[in-house]
Amino acid sequence: EADENLFAKFRQEALVRMLQQLPEGYRAVFNLYVMEEYSHQEIGEMLGIAESASRSQLSRAKAMLRKMLEKSVGAEV
């Protein structure tokens, strides 16, 4: 159980580091949409961007995170 907690903490810290590497706009949209569960319309209003820009930035943020995760997993193998 202690090992599981250690691994969980490591994964969480690694994910936070990856999120911090995202460009500021991507990170803001990702956090608002995924973590805080705002709609793209609400995010657009908060950030002063179009709803479509919110969707686009979220998509790009996810793609960047996916690449970082793939690179990280590849480095561990």
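Above this note sits the structure.
All values reported here derive from a predicted model rather than from experimental measurement.

### Digging into the overall build of the chain
No. 1: Scanning the chain from N- to C-terminus turns up four helices and zero strands.
No. 2: In summary, the chain has a C-alpha radius of gyration of 15 Å against a globular reference of 11 Å for 77 residues, an excess of more than 25%.
No. 3: When the backbone C-alpha atoms are referred to their principal axes, the chain occupies close to 45 × 25 × 15 Å.
No. 4: Here the chain holds 77 residues, and the buried ones make up 22% of them.
No. 5: In the form shown here, the chain has an accessible surface area of approximately 5800 Å², with 51% of it arising from carbon and sulfur atoms.
No. 6: Charged side chains in the chain number 10 positive and 12 negative. The centres of these two groups are separated by 9 Å.

### Some remarks on helix α3 (residues 40-47)
No. 1: The complete set of buried residues in α3 reads H40, I43 and G44. All buried residues of α3 project into a common sector of 100 degrees when viewed along the axis, lining one side.
No. 2: G48 sits one or two residues past α3 and shows a positive phi near 70 degrees.

### Quick look at the nonpolar core
No. 1: The biggest cluster of nonpolar side chains holds 12 residues, and these are M18, L19, L22, Y26, V29, F30, L32, I43, L58, A61, L65 and M68.
No. 2: Setting aside anything within four residues of it in sequence, one finds L65 in contact with M18, L19, L22 and F30.

### Thoughts on the pattern of salt bridges
No. 1: One pass over the full model with this rule turns up one salt bridge.
No. 2: For E51, the salt bridge is made with R55, and the minimal N-O distance between the two is 3.1 Å. Placement of both E51 and R55 in helix α4 (residues 51-76) is noted, with a separation of four residues, approximately one turn of the helix.
No. 3: Overall, E51 belongs to the partly exposed group, its relative accessible area being 36%.
No. 4: On the basis of relative accessible area, R55 is assigned to the partly exposed category, the value being 46%.

Procedures and definitions
Here the residue numbering is sequential within each chain, running from 1 through the sequence in written order. Per-residue local features are limited, in this predicted model, to residues with pLDDT of at least 70; the limit for side-chain atom pairs, both in listing and counting, is 80 or more; totals at the level of whole chains, interfaces and linings are taken over all residues. Working from all heavy atoms in the structure, the side-chain values ignore hydrogens and water. Labels follow the DSSP assignment, with helices taken as runs of H or I lasting at least four residues and strands as runs of E lasting at least two, numbered in each case from the N terminus. C-alpha atoms define the radius of gyration in this analysis, and the globule rule sets the expected value at 2.2 Å times the number of residues to the power 0.38. Exposure classes here rest on a 1.4 Å probe applied to the protein chains alone. A residue is buried below 20% of its type maximum, exposed above 50%, and partly exposed in between. Note on areas: these come from Shrake-Rupley sampling with a 1.4 Å probe, and a residue is covered only by the protein chains present in the view. Positive charges are assigned to Lys and Arg, negative charges to Asp and Glu, while His and the chain termini are left out of the count. For this purpose, a charge sits on NZ of Lys, CZ of Arg, CG of Asp or CD of Glu. Picture the helix axis, draw a direction to every C-beta atom, and the arc is the one those directions span. The term nonpolar core refers to a set of buried residues drawn from Ala, Val, Leu, Ile, Met, Phe, Trp, Tyr and Cys, joined through side-chain atoms within 4.5 Å. When checking whether two residues touch, look at their non-hydrogen atoms; a contact exists if any pair is within 4.5 Å. Here, a salt bridge means any Lys or Arg side-chain nitrogen found within 4 Å of an Asp or Glu carboxyl oxygen.

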